[in-house]
Amino acid sequence: MEIILRNIHKQGYSPDISSYITEGGYKALEQSLEVKPGHLLSEIKLSKLVGRGGAAFPTGLKWELAHNAEEYPKYVVCNADEGEPGTFKDRIIMERDPHLLLEAMAICGRIIGSTQGIIYIRGEYFDAYEILKKAILDAEKRKFLGRNILGSDFSFNIRLYRGAGAYVCGEETALLDSLEGKKGQSRVKPPFPTFTGYEDKPTALNNVETLSNIPEIVLKGGEWFSKIGSPLSPGTKLYCLSGNIHKPGVYELPTGTPLSELLGKYGGGVEGKLKAVLPGGVSSSFLTDRELSVNMDYPSVAKAGSALGSGAVIVINDTHCMVDIAKRCTEFFAHESCGMCTPCREGTKRAKEMLTGITQGSGELSSLELLRDMRKVMYDTSRCGLGQSALNAVVSAIEKFRDEFEEHIAAKKCNLGICSG
Amino acid sequence: MVEPLEQIFASCKVERKELIPLLQEIQEKLGYLSDDAMKAAAEFLHIPPSAVYGVATFYNQFRFVPAGKHPLKICLGTACHIQGSKLIMEAMERELDIKAGNVTPDHEFSLDRVACVGCCALAPVIIDKKTVYPRMTPFKVEEVLALLKEENAHGRLPTNEP
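Everything quoted here is computed from the prediction, not taken from an experiment.

## Brief notes about the sheet that holds strand β1 (residues 70–75) of chain B
All names here are of chain B.
Here is step 1: Here five strands make up an open sheet; going across it, the order is β2-β3-β1-β4-β5 and the pairing mixed. Two strands bound the open sheet, and with one partner strand each, they are β2 (102–103) and β5 (131–133).
Here is step 2: Examined bridge by bridge, β1 and strand β4 (residues 126–128) share three bridges and lie antiparallel to one another. When the sheet's bridge partners are listed, isoleucine 74 is paired in β4 with isoleucine 126.
Here is step 3: Along the sheet face, helix α7 (residues 138–154) touches β1, β3 (109–114), β4 and β5 and points at about 165 degrees away from the line of β1.

Structure (structure tokens):
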């Protein structure tokens, strides 16, 4: 069951507009021009699609808020700043089926009443940028974008904006500040971007994968979509498998596919003996072999104490030291914290210091409790998801592999010989 | 003002939101952001130089010293870390005889660490401009460098296998 990668996996499929049209591309946009935006909106709501960037916010509700906002101009912004370590799904969509994204954005524009779309694309994605640039020109030539699309009164343009390398810009309000030429630092919410977004105008901001579901929902109806996968967060999900796995890559499967099936049947099994899995990138919590039966949908992974996030499934085998990996996670967040709010700026730095100390034999047992408290404070008081989730991986590693941490602290050594003494 | 900057400014609107694309273009032309270039950008956009410097230093993409002819980046993201990127970094530092964040004395290579470039299925990776070298090992590091050095010496292109 593939919705997003359905074209990509067809033999001879290319990112060209002709390939997309042959496979029925832009039919959904054509159809959208014949019905009222309100009707399209009710289909999106009926589909129960939730955001695939990590926050799992209902897309229909977001678009309804933007649709109802009465200020103009309105904007459609696509978050293509894929930066969560272990995530490489949006890149595949943009490089291999760029028109799917463009069509979806135009439909979004039609629904909320916007004539301008912006794709904020990760700076390192050179190929995706060039491919999208060409795709926009081709779509304009064929009247799928630009003024009076397909002879209707609806006009919609898309421009590309290259990110400059900041993980925090994956957070929607930091992304908007970055688009405005500022440092990417998150804003206080509310007001939400649906009312006060890009240049303080109503903005529908969605992840690439979320948007890529839209054309099929328009063609086949919200009810069809709502019956795929797990009922609470239906549809499919792109899972990015990496780490100690035989067949790393992107797999599109119905939501709710058990983690064990993803690793075994699709990933070809774990290389060596499984130790831990991060189901949603470094901002999620570690799962162990006892939790492999978890269904990979947003509510189920949350119930298991972790998060599905962007779907970055990172597999770790028993040749790895969890203290070392936890330290690496803290280094990442200490570097990427935008510095706007104190709990995150200081918390990520202190966590990195503590973990570095533990790996170098100067750690203290009390740090383990302190880190747990810090995670709670940072969750409660950080402005955005970065600070709120920065210590998830570390604290879950301490909870699930406490003996490894204690060994590093008490015996001042790493049994696997990975941490420098 | 340096000449290439004038060309860039000529095609840029005087709007604050143009700052990041403007800095990207300057860096593409000059290879880095010099103090003078940042001051010129500030003057052009009518914003304080501190605002330009603040934005430029906030983002990882911008650099303030010229990069080497081959700006090598080693991914230390989680997936690459699990596949041994630390060893790749150590091998590269040893081979180039510089630490990450520095440039070789002959300006042929610069070495930087990056956190995840979105090619985790190819981990661990080294990036040279737009070329991705997949599934690196310390031994392959030597091979890649030998290839690039040969290119530097003879102007030959390395085989690109992203």
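## Details of the interface of chain A and chain B
Here is step 1: With 51 residues of chain A at the contact, the number on the chain B side is 32 residues.
Here is step 2: Regarding the contact of chain A and chain B, the summed buried area is about 3,100 Å², with carbon and sulfur atoms giving 55% of it.
Here is step 3: For the pair chain A and chain B, the number of links is two salt bridges.
Here is step 4: Among the salt bridges present, the one from arginine 113 of chain B reaches glutamate 331 of chain A, with a minimum N-O distance of 4.0 Å.
Here is step 5: Joining chain A to chain B, the criterion identifies 18 residue pairs in polar contact (both at pLDDT 80 or more).
Here is step 6: No other element matches the seven residues that helix α14 (residues 322–336) of chain A contributes to the side of chain A that touches chain B.
Here is step 7: Split by residue class, the side of chain A that touches chain B holds 22 nonpolar, 15 polar and 14 charged.

## Section: helix α7 (residues 126–141) of chain A
Residues and elements named next belong to chain A.
Here is step 1: Compared with the 22 Å implied by 1.5 Å per residue over 16 residues, the 23 Å span of α7 between its first and last C-alpha is a close match.
Here is step 2: Residues Ala128, Tyr129, Leu132, Ala135, Ile136, Asp138 and Ala139 constitute the buried set of α7.
Here is step 3: Contacts made by the buried residues of α7 are with α1 (17–22), α5 (89–96), α6 (98–112), β2 (116–121) and β3 (157–162).
Here is step 4: Looking one or two residues beyond α7, the residue adopting positive phi is lysine 143, at roughly 70 degrees.

## So, the pairing of β3 of chain A
Residue and element names in this part refer to chain A.
Here is step 1: Pairing of β2 with β3 involves six bridges; the strand directions are parallel. Paired with glutamine 116 across the bridge in β3 is asparagine 157.
Here is step 2: With respect to chirality, the unit in which β2 leads through α7 into the neighbouring parallel β3 is right-handed.

## Considering the domain arrangement of chain B
Here is step 1: You can read the domains of chain B as domain 1 (3–58) and domain 2 (70–154).
Here is step 2: Relative placement of domain 1 of chain B and domain 2 of chain B: their C-alpha centres are 29 Å apart.

## Describing the side chain of aspartate 81 of chain A
Residue and element names in this part refer to chain A.
Here is step 1: In this structure, aspartate 81 sits in the loop between β1 (75–80) and α5.
Here is step 2: Buried and unpaired, aspartate 81 has no salt bridge, with arginine 122 as the nearest side chain of opposite charge at 5.1 Å.
Here is step 3: Every residue in contact with aspartate 81, bar those within four places of it in the chain, is listed here: Tyr120, Arg122, Ala166, Cys169 and Gly170.

## Examining the pattern of salt bridges
All names here are of chain A.
Here is step 1: Summed over the entire model, instances satisfying the criterion amount to 39 salt bridges over all chains.
Here is step 2: Of the charged contacts in the structure, one is a salt bridge between lysine 134 and aspartate 16, with a shortest N-O distance of 3.7 Å. Taken as a pair, lysine 134 in helix α7 and aspartate 16 in the segment before α1 lie far apart in primary sequence, 118 residues in all.
Here is step 3: A salt bridge links glutamate 404 to lysine 275, with the shortest nitrogen-to-oxygen separation between them at 2.7 Å.

Rules behind the numbers
- Residues numbered from 1 in each chain as written.
- Chains lettered and ligands numbered in written order.
- Predicted model: local features only at pLDDT ≥ 70, side-chain atom pairs only at ≥ 80, totals over all residues.
- Heavy atoms only, no water.
- Pairing = 2+ DSSP bridges.
- Helix = DSSP H or I, 4+ residues; strand = E, 2+ residues; numbered from the N terminus.
- Contact = heavy atoms within 4.5 Å.
- Axes fitted to C-alpha atoms, helices over the stretch in contact; angles between N-to-C directions.
- Buried area = accessible area lost by both parts, 1.4 Å probe.
- Salt bridge = Lys/Arg side-chain N within 4 Å of Asp/Glu carboxyl O.
- Polar contact = N/O pair within 3.5 Å; in protein donor to acceptor, adjacent residues only side chain to side chain.
- Nonpolar A, V, L, I, M, F, W, Y, C, P; charged D, E, K, R; others polar.
- Expected span 1.5 Å × (residues − 1).
- Buried < 20%, exposed > 50% of the residue type's maximum accessible area, 1.4 Å probe, protein only.
- Right-handed = clockwise from strand over helix to strand, strands pointing away.
- Domains from an automatic or database assignment.
- Lys, Arg positive; Asp, Glu negative; His and termini not counted.

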